[in-house]
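Now for the letters of each chain:
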Amino acid sequence: MAPVLSLILPVYNLQDYLESCLLSILPQLTPQVEVLLVDDGSTDKSLVLCRRYESAYPGIRVYPQENQGVSVARNVGLRRARGEYVFFIDGDDLLPPGTLAMILQQIQEHPNVEIFCGGCVKFQSQGPLPSLEPFPEGEVRWINETHGQQTLLRLLQSGRFLPAAWAAIVRRSLLTEHHIQFPPGWINNEDVDTALNYYLQARHVRALPRPHYYYRQGRQGAATGTFTLERVQNSHRMISSWQRRLQGSQMPRELLSYVRDYLAYQYAIALGSAYLCQREEREEALAMLRPLRGLLKSNRTPKTALVARLYRVVGYRATAKALSIYILRKRQGGEEKV
């Protein structure tokens, strides 16, 4: 019998964290769940650890590959998955107890749903895990009462669109039938691109009743803590490609305006990150982003409206500097993603 749910974990040099992740999953495993570990050319003992657990648990399968990046690793897992739904997990994070049982129950009770969206509770690498509380009933209901693109519109309007790969449990056929995958070679924003694609295609979305994920903060070497020209280039690529796609788009006008506003939000993050690049890379990054500065005028949501006002008053470069300060303060406050 094929599993109902496939957990896909890309692994790259996670020997200090992977075992904790797997130990949070293993007590929850049932024959309805499979775990796919895709080792992306780790140079530490991660693959040895993967093999050890594969030999001990029949529900775990390991797929090693040469280092090609997290997008390719996730796509390999998607091709190998047999479950009706897929759940992408980062190997340095944790699953709260009872998460898989909750997801399986939701799948059984709502078989027409294509995306189950959820939330996370953040925790520090050093310290106890925080407690979990159910989402307020009203927050769950307003998502469950929408359909298709209307759900994406409401998420964007409320600022609750969460594009992280782990933030949704997705029907596998939604991805395969619409040829949706993570963009190979992208080192950031790959989940933004993918999430926008599958939310635009989904007809039925439902919110999970409580947080389904523990998101680790403060891990040394985490990619989200770096500011490089390559990452800014990747953000530029994502934003530019979506701007081209939106030209002549047939999506409803209001949704179109909010997708553009979300691109403006991503642009603001890229602009602040560009200013945080090393001095020799900063000018190139700022020059590359400058042609897209019209996005700084978008003001559909509170964050973009604030940036738009700042841009009108101080201009392009000073806005970039102010955004860099904002990003640093958020990181110092323990938030790895702005």
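Treat the numbers as computed from the prediction; the structure is a model and nothing was measured. (Residues numbered from 1 in each chain as written. Predicted model: local features only at pLDDT ≥ 70, side-chain atom pairs only at ≥ 80, totals over all residues. Heavy atoms only, no water.)

Points about the overall build of the protein
- Scanning the protein for helices and strands turns up 13 helices and 9 strands.
- Scaling as 2.2 N^0.38, a compact globule of 338 residues should have a C-alpha radius of gyration of about 20 Å, and the protein matches this with 20 Å.
- In terms of principal-axis extent, the alpha carbons of the protein reach across some 60 × 45 × 35 Å.
- Carbon together with sulfur atoms contributes 50% to the accessible area of the protein, which is approximately 15800 Å² in total.
- Of the side-chain charges in the protein, 40 are positive and 31 negative, and the distance between the mean point of each set is 7 Å. (Helix = DSSP H or I, 4+ residues; strand = E, 2+ residues; numbered from the N terminus. Rg over C-alpha atoms; globule rule 2.2 N^0.38 Å. Areas by Shrake-Rupley, 256 points an atom, 1.4 Å probe, with all protein chains shown as cover. Lys, Arg positive; Asp, Glu negative; His and termini not counted. Charge placed at Lys NZ, Arg CZ, Asp CG, Glu CD.)

Quick notes on helix α11 (residues 279–289)
- Along α11, the residues that are buried comprise Arg-282, Ala-285, Leu-286, Met-288 and Leu-289. Projected down its long axis, α11 carries its buried residues within an arc of 155°, all on one side.
- Packing partners of the buried residues in α11 comprise α9 (229–246), α10 (253–275) and α13 (316–332). (Buried < 20%, exposed > 50% of the residue type's maximum accessible area, 1.4 Å probe, protein only. Arc of directions from axis to C-beta. Contact = heavy atoms within 4.5 Å.)

A word on empty space enclosed by the protein
- Considering all chains together, one arrives at 2 cavities of 30 Å³ or more under this definition.
- The volume enclosed by the largest cavity comes to roughly 40 Å³.
- In terms of lining, the largest cavity is formed by Phe-88, Pro-163, Ala-165, Val-170, Leu-175, Phe-182, Asp-191, Ala-195 and Tyr-198.
- In terms of residue count, the dominant contributor to the lining of the largest cavity is helix α8 (residues 190–201) (3 residues).
- Class assignment for the residues of the lining of the largest cavity results in 8 nonpolar, no polar and 1 charged.
- Volume-wise, the second largest cavity comes out at about 30 Å³.
- Lining the second largest cavity we find Leu-78, Phe-88, Leu-175, Ile-180, Gln-181, Phe-182 and Thr-194.
- Each residue belonging to the lining of the second largest cavity can be placed in one class, and the counts come to 5 nonpolar, 2 polar and no charged. (1 Å grid on protein atoms, 1.4 Å probe; cavity = no way out; pocket = protein on both sides within 12 Å on 5 of 7 lines; lining within 4 Å. Points joined across faces, edges and corners; volume = space filled by probe spheres on them. Nonpolar A, V, L, I, M, F, W, Y, C, P; charged D, E, K, R; others polar.)

Points about the side chain of Asn-234
- Its place among the elements puts Asn-234 in helix α9.
- Reaching out from Asn-234, the side chain makes a polar contact with the backbone oxygen of Asn-188 at a distance of 2.6 Å.
- Here Asn-234 is in contact with Gly-185, Trp-186, Ile-187, Asn-188 and Asn-189, once residues within four sequence places are set aside. (Polar contact = N/O pair within 3.5 Å; in protein donor to acceptor, adjacent residues only side chain to side chain.)

What about the packing of aromatic side chains?
- With the rule as written, the count across this model stands at 11 aromatic pairs.
- Judged by centre distance (4.4 Å) and plane angle (5°), the ring pair of Trp-166 and Tyr-213 falls under stacked. With Trp-166 in the loop between α6 (149–158) and β7 (168–171) and Tyr-213 in strand β9 (residues 213–217), this pair connects stretches of sequence that are 47 residues apart.
- An angle of 40° between the planes, with centres 5.5 Å apart, marks the rings of Tyr-198 and Tyr-199 as tilted.
- A residue is classified by how much of its surface remains accessible, and Tyr-199, at 3% relative accessible area, is buried.
- Each residue in the set Phe-161, Tyr-198, Tyr-199, Tyr-262 and Tyr-265 is aromatic and connected to the rest through ring pairs, giving one cluster.
- Of note, Arg-74 hangs over the ring of Phe-182, and the distance from its end group to the ring centre comes to 5.0 Å. (Phe/Tyr/Trp six-rings, centres within 6.5 Å; stacked < 30°, edge-to-face > 60°. Lys NZ or Arg CZ within 6 Å of the ring centre and 35° of its normal.)

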